[in-house]
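These are the residues of each chain, in order.
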Amino acid sequence: MQVCTPIEAAHALERGDWTVVDVREAQELALVRIEAAQHVPLSEFVERYAEIPTARPIALMCHHGGRSAQAQAFLATKGITETLNVDGGIDRWAVEVDSSLNRY
């Protein structure tokens, strides 16, 4: 499975090259979120994955990378393979991309 760094994902998101999908739960988004990311929580992923546009690569993220890896594996079973897991998730994003974000 492919991974990317938060910096790579942030640049691709700014350029509109990738869709960034946050699979964290709503209570986690209340703590910290990336406004431009699409939210499809892992607990609803099986029912809602079809909402994710597939015209460009999908970068999946969670808190540290475990749940987004699960989402990535699930998408592969549906034939959606142009995906990347954001290594270190929102926590690493807050360190490397946007230090104004809260960490939890």
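Throughout what follows, the structure given in this document is the object of discussion.

Analysis parameters
Think of each chain on its own: its residues are numbered from 1, step by step along the sequence as written. With pLDDT at 70 or above as the cut-off, local features in this predicted model cover only qualifying residues; side-chain atom pairs require 80 or more to be listed or tallied, and sums for whole chains, interfaces and linings still use all residues. To get the side-chain values, all heavy atoms of the structure are used, and hydrogens and water are removed first. When DSSP locates at least two bridges between a pair of strands, those strands are taken to pair. Runs of H or I in DSSP of at least four residues are treated as helices and runs of E of at least two as strands, each being numbered from the N terminus. Contacts between residues were defined by any pair of non-hydrogen atoms, one from each residue, lying within 4.5 Å. Axis lines are fitted to C-alpha atoms, over the contacting stretch for helices. Their N-to-C directions set the angle, which ranges from 0 to 180 degrees. Each nonpolar core is a collection of buried residues, namely Ala, Val, Leu, Ile, Met, Phe, Trp, Tyr and Cys, held together in the definition by side-chain atoms within 4.5 Å. Each residue is assigned to one of three classes by its accessible area relative to the maximum for its type, calculated with a 1.4 Å probe on protein chains only: buried under 20%, partly exposed between the two thresholds, exposed over 50%. Stacked, tilted and edge-to-face pairs are distinguished by plane angle, under 30 degrees for stacked and over 60 for edge-to-face with tilted covering the rest, among Phe, Tyr and Trp rings (Trp via its six-membered ring) whose centres lie within 6.5 Å.

Here's the deal with the sheet that holds strand β5 (residues 83–86)
And step 1. Read from one edge to the other, the open sheet built from five strands follows the order β1-β5-β4-β2-β3, with strand pairing classed as parallel. Lying at the two open borders of the sheet, with one neighbouring strand each, are β1 (3–4) and β3 (38–39).
And step 2. For strand β4 (residues 58–61) and β5, the ladder comprises three bridges, and the chain directions are parallel. What sits directly across from A59, in β5, is L84.
And step 3. Contacts from helix α4 (residues 66–77) reach β4 and β5, with the element oriented near 170° to β5.

Re the nonpolar core
And step 1. By size, the foremost hydrophobic cluster in this structure holds 18 residues, and its most contacted members are W18, I34, M61, V86 and W93.
And step 2. Contributing elements (two or more residues each) for this core: α1 (6–15), β4, β5 and α5 (89–96).
And step 3. Residue contributions to this core peak at four residues, all from α1.
And step 4. With near-sequence residues (within four places) excluded, V86 lies in contact with C4, T5, P6, A9, A59, L60, M61, G65 and W93.

Comments concerning the environment of M1
And step 1. Its place among the elements puts M1 in the segment before β1.
And step 2. Its relative accessible area of 67% is what places M1 among the exposed residues.
And step 3. For the pair M1 and V21, spaced 20 residues apart in sequence, the C-alpha to C-alpha distance is 16 Å.

Side note on α5
And step 1. Buried within α5 are the following residues: G89, I90, D91, W93 and A94.
And step 2. Residues of α5 that are buried in the fold lie against α1, β4 and β5.

A short note on the packing of aromatic side chains
And step 1. Tallied over the entire structure, the rule returns two aromatic pairs.
And step 2. Measuring from ring centre to ring centre gives 6.0 Å for F45 and F74, while their planes differ by 80°; the resulting arrangement is edge-to-face. Taken together, the residues span a long stretch of sequence, with F45 in helix α3 (residues 45–48) and F74 in helix α4 at a distance of 29 residues. Summarising the burial analysis for this pair, F45 and F74 share the class buried.
And step 3. Residue class for F74 comes out buried when judged on its relative accessible area of 18%.

Brief notes about the pairing of strand β2 (residues 19–22)
And step 1. Residues of β2 alternate between two faces, with T19 and V21 on one and V20 and D22 on the opposite face, all of them buried.
And step 2. Pairing geometry for β2 and β4, over four bridges, is parallel. Along β4, the bridge assignment pairs V20 with A59.
And step 3. Here β2 runs beside β3; their pairing, made up of two bridges, is parallel. Within the sheet, the bridge partner assigned to V21 lies in β3 and is Q38.

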